[in-house]
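Okay, here's what each chain looks like letter by letter:
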Amino acid sequence: MNALSRRRFLRGGLEVLGAAAVSSRLTTARAAAAASISTEDLVPSDRGAMTLLQGAGCNVVAVRGPEGSLLIDGGLAANSDALLAAATAATGNARVNTLINTHWHPSQTGSNERVGREGGLIISQEVTRLYLGRAALSACYDGSYGPLPQIAWPKKTTRDTGSLEFAGQHVEYVYLPAAHTDGDLYVHFPERNLLVAGGPVLGDRWPVIDIRNGAWVGGLLNAYEQLASVTQPDTRIVPANGGLVTGAEIARRRDIYQKLFTQLFVYLNKGFGPDDVVAAHPLKAYESELGDPSRFLAGAYESLMYAYVPN
Ligand SMILES: [Zn+2]
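In what follows, the accompanying structure is described.

Cut-offs and rules
- Residues numbered from 1 in each chain as written.
- Predicted model: local features only at pLDDT ≥ 70, side-chain atom pairs only at ≥ 80, totals over all residues.
- Axes fitted to C-alpha atoms, helices over the stretch in contact; angles between N-to-C directions.
- Helix = DSSP H or I, 4+ residues; strand = E, 2+ residues; numbered from the N terminus.
- Parallel < 35°, antiparallel > 145°, perpendicular 65-115°, else oblique.
- Left-handed = near helix turned anticlockwise from the far one by under 90°.
- Contact = placed C-beta atoms within 7 Å.
- Nonpolar A, V, L, I, M, F, W, Y, C, P; charged D, E, K, R; others polar.
- Buried ≥ 20, exposed ≤ 12 C-beta atoms within 10 Å, placed from the backbone.
- Pairing = 2+ DSSP bridges.
- Right-handed = clockwise from strand over helix to strand, strands pointing away.

1. Regarding the packing of helix H8 (residues 247-270) against helix H11 (residues 294-308)
Turning to step 1, where the next piece is worked out: Where H8 meets H11, the axes come as close as 11 Å, and the angle between the chain directions of the two elements is 60°. As far as their axial angle goes, H11 and H8 are oblique. The handedness of the crossing between H8 and H11 is right-handed. Contacts from Leu264, Tyr267 and Leu268 of H8 reach H11 at Ala300, Tyr301, Leu304 and Tyr308.
Turning to step 2, where the next piece is worked out: Partitioning the contact of H8 with H11 into residue classes produces seven nonpolar, no polar and no charged.

2. Things to note about the pairing of strand E4 (residues 69-72)
Turning to step 1, where the next piece is worked out: Neither face of E4 is exposed, since Ser69 and Leu71 on one face and Leu70 and Ile72 on the opposite face are all buried.
Turning to step 2, where the next piece is worked out: In this structure, strand E3 (residues 60-63) lies alongside E4, joined through three bridges in antiparallel fashion. Among the inter-strand pairings, Val63 is bridged to a residue of E4, identified as Leu70.
Turning to step 3, where the next piece is worked out: Here E3 folds back onto E4, and the loop between the two strands holds five residues, one of which, Gly68, carries a positive phi near 105°.
Turning to step 4, where the next piece is worked out: Where E4 meets strand E5 (residues 96-100), four bridges bridge the pair, whose relative direction is parallel. Bridged to Ser69 within E5 is Val96.
Turning to step 5, where the next piece is worked out: The parallel pair E4 and E5, bridged by helix H3 (residues 80-91), forms a crossover whose chirality is right-handed.

3. Section: unusual backbone geometry
Turning to step 1, where the next piece is worked out: Residue Pro147 follows Gly146 across a cis peptide bond; omega there is 0°.
Turning to step 2, where the next piece is worked out: Checked against the element boundaries, Pro147 lands in the loop between strand E8 (144-145) and strand E9 (156-158).
Turning to step 3, where the next piece is worked out: In this structure, Ala178 is a non-glycine residue whose phi angle is positive, near 55°.
Turning to step 4, where the next piece is worked out: For Ala178, a count of 23 C-beta atoms within 10 Å corresponds to the buried category.
Turning to step 5, where the next piece is worked out: Not every positive phi belongs to a glycine, and His281 is a case in point at roughly 50°.
Turning to step 6, where the next piece is worked out: Positionally, His281 belongs in the loop between helix H9 (274-280) and helix H10 (287-290).
Turning to step 7, where the next piece is worked out: On the neighbour-count criterion, His281 (12 C-beta atoms within 10 Å) is exposed.

Below, the structure is given as structure tokens:
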């Protein structure tokens, strides 16, 4: 494969999450003007108030607490004011007590600065903290992102798993290595039978593998195996974007990615390039429900080539 087509597929294999053109003032201004946050009760107010907030750039979950809310992900910075106002309206909490970043992409970490300045505790995987301390490039957005001011960096990190008690609930956060970035966490509320999956899961689209930043298709498959092992068929799962999915659906997608993973090695042995893999349509049976898989396939295969094919 020549350098040009390699670059084209590198870029083509990734998505543009929430149109996050973070270096463009124009786009930022448009996003601020357009930010309209919708809310959906995950747990009704009289039983604890957990709310799904959509429209800030990623799915955000807010939980009412005794001394401020728990927020999982924070949307784009341009939408942070609108998001935090909606979180306050949903929880009755004036401030965020604890913010968990599922990963470092701008769609997830745009409220870090404000939450940090207001004294909230920010939690993430250790690699996410490292990324926020420098300028990072990704095909998931235009331009470069970061470094964020130090006040916006997570203060508590894990390399593996961690947990906290929040408003009487046990909350676990667990590392998913190399799945969507190289610093992904999922957040599990076992007593609510609810899990926030972060970057590896999208509601009704193929996932994104940020192959320039440590993720690969084997990590994605491993993430689905982990998620399927800790959920039940009726577990409600909040994806990074889009509507909720069930544990049964996660198990079904794990099976799809297991089969695909094996098939990609067959293609590798045949000497296929990403173009050939896309043309072979190995995911044809799922295109009507999850859309055109070309970018996902090219990125997944490219990540395999990085690992197994020397230049
Ligand atoms: Zn992401």
